[in-house]
Amino acid sequence: MPPAIRFDVLTLFPGIFEGFLSESVLKGALATQKIEVRLHNMRDWAEDKHATMDDRPFGGGPGMLLKVDRVVPCVEEIQRQHQSGRLLMLTPQGRCFNQVFAEELATEQQIILLCGRYEGFDERVAEILKPEEVSIGDYILNGGEVAAMVMIETVMRLVPEVLGDENSNRLDSFSTGNRILDCAHYTRPREYRGIAVPEILLSGNHAEIARWREENSLQRTKEKRPDLLKSVSNDSTLRSFAVENK
Ligand code: ADE
């Protein structure tokens, strides 16, 4: 079976991904070919011996920009290897990445992640390639690599069979239809420093445990992320909870 999803990452610093790809769940998913991650060093497309990828901005100003004539050919070469595939450019100006966006991407077969560096890309990169611009949050990173890792990790968890228990991502907070936080979880010992595990979780009564978990989730959301309850629209339990706790 071919991998369910292939990520092509275009970066000037492929070494950043080494530890990330060689540990834990990602290591396993790559080894069993459930997913594939190909790293491409954009510097390999530079023609001069210094492998110059950046240049000063016209009109002055701080920092350097990634050159259009270096970036465009390497993206186009990767695109030629596939009929379809989504081209995503990592930039703080992009659409904000979240769990629902990740669910959408998990249905793709190929995702190209274009990582910026320095002050960003020459504007013509976006004009020519028309990528979807994506940000992982309203803060500025040194480049797109950490953002690409966040996206790979979030999307790969949604590929069937990647996680051991195939249900274990269905109930994750923030997924479609789930705008509340996960409930509290406990394991042994039953008591630690005077703090006991809630009695109900030891009762074996699955209906009661399910009820406790739902209530605990709602309570935690109210305490930690009340903003999430404001966006509740369809779910009647959540709607009444949100109204009661306004
Ligand atoms: N590059 C720099 N900052 C970024 C961010 N917040 N999201 C995506 N790419 C970035």
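Residues numbered from 1 in each chain as written. Predicted model: local features only at pLDDT ≥ 70, side-chain atom pairs only at ≥ 80, totals over all residues. Heavy atoms only, no water.

**Description of the side chain of Thr91**
- Mapped onto the secondary structure, Thr91 falls in strand β5 (residues 86–96).
- You can call Thr91 buried: its relative accessible area is 9%.
- A polar atom in the side chain of Thr91 sits 2.8 Å from the side chain of Gln93.
- Not counting residues up to four positions away in its chain, the partners in contact with Thr91 are Glu133, Val134 and Ser135. (Helix = DSSP H or I, 4+ residues; strand = E, 2+ residues; numbered from the N terminus. Buried < 20%, exposed > 50% of the residue type's maximum accessible area, 1.4 Å probe, protein only. Polar contact = N/O pair within 3.5 Å; in protein donor to acceptor, adjacent residues only side chain to side chain. Contact = heavy atoms within 4.5 Å.)

**Let's talk about the site of the ligand**
- The environment of the ligand is formed by Leu90, Thr91, Pro92, Val134, Ser135, Ile136, Gly137, Tyr139, Ile140, Leu141, Gly143 and Ala147.
- One of the backbone nitrogen or oxygen atoms of Thr91 is found 3.3 Å away from a nitrogen atom of the ligand.
- One of the backbone N or O atoms of Leu141 is found 3.0 Å from a nitrogen atom in the ligand.
- Put simply, the parts of the chain that give the shell around the ligand at least two residues each are β5 and β7 (132–135).
- In terms of residue count, the dominant contributor to the shell around the ligand is β5 (3 residues).
- Looking at side-chain class alone, the shell around the ligand contains 8 nonpolar, 4 polar and no charged residues. (Near = heavy atom within 4 Å. Nonpolar A, V, L, I, M, F, W, Y, C, P; charged D, E, K, R; others polar.)

**Focus: the environment of Ala51**
- Mapped onto the elements, Ala51 comes out in the loop between β2 (35–41) and β3 (54–55).
- Counting along the chain gives 19 residues from Ala51 to Arg70, while the straight-line C-alpha distance between them is 9.6 Å.

**Quick look at helix α3 (residues 68–80)**
- For α3, built from 13 residues, the straight-helix expectation of 18 Å at 1.5 Å per residue is met to within 8% by its first-to-last C-alpha distance of 18 Å.
- Turning to α3, its buried residues number three or more, namely Val68, Arg70, Val71, Val72, Cys74, Val75 and Ile78.
- Summarising the contacts, the buried residues of α3 are in contact with β1 (5–11), β2, β4 (65–66), β5, β6 (110–115) and α5 (123–129). (Expected span 1.5 Å × (residues − 1).)

**Points about a nonpolar patch on the surface**
- A surface patch of nonpolar side chains, about 310 Å² in accessible area, is lined by Tyr139, Leu141, Val146 and Val150.
- Examined against the element boundaries, Val146 turns out to sit in helix α6 (residues 145–156).
- For Val146, a relative accessible area of 42% puts it in the partly exposed group. (Patch = residues over 30% accessible without salt bridge, like charges linked within 9 Å, V, L, I, M, F, W, Y side chains within 5 Å. Areas by Shrake-Rupley, 256 points an atom, 1.4 Å probe, with all protein chains shown as cover. Salt bridge = Lys/Arg side-chain N within 4 Å of Asp/Glu carboxyl O.)

**Describing the nonpolar core**
- Counting 32 residues, the largest nonpolar core has Ile35, Phe97, Leu113 and Met151 as its most contacted members.
- Breaking this core down by element, the ones donating at least two residues are β1, α1 (18–21), α2 (24–31), β2, β5, α4 (99–105), β6 and α6.
- Beyond its immediate sequence surroundings of up to four residues, Leu113 is in contact with Phe7, Asp8, Val9, Leu10, Leu88, Leu90, Ala148, Met151 and Ile152.
- Formed by 21 residues, the second largest nonpolar core is a distinct cluster that contains Leu66, Val68, Cys74 and Leu129. (Core = buried A, V, L, I, M, F, W, Y, C linked by side-chain atoms within 4.5 Å.)

In short, geometric facts, not functional conclusions.
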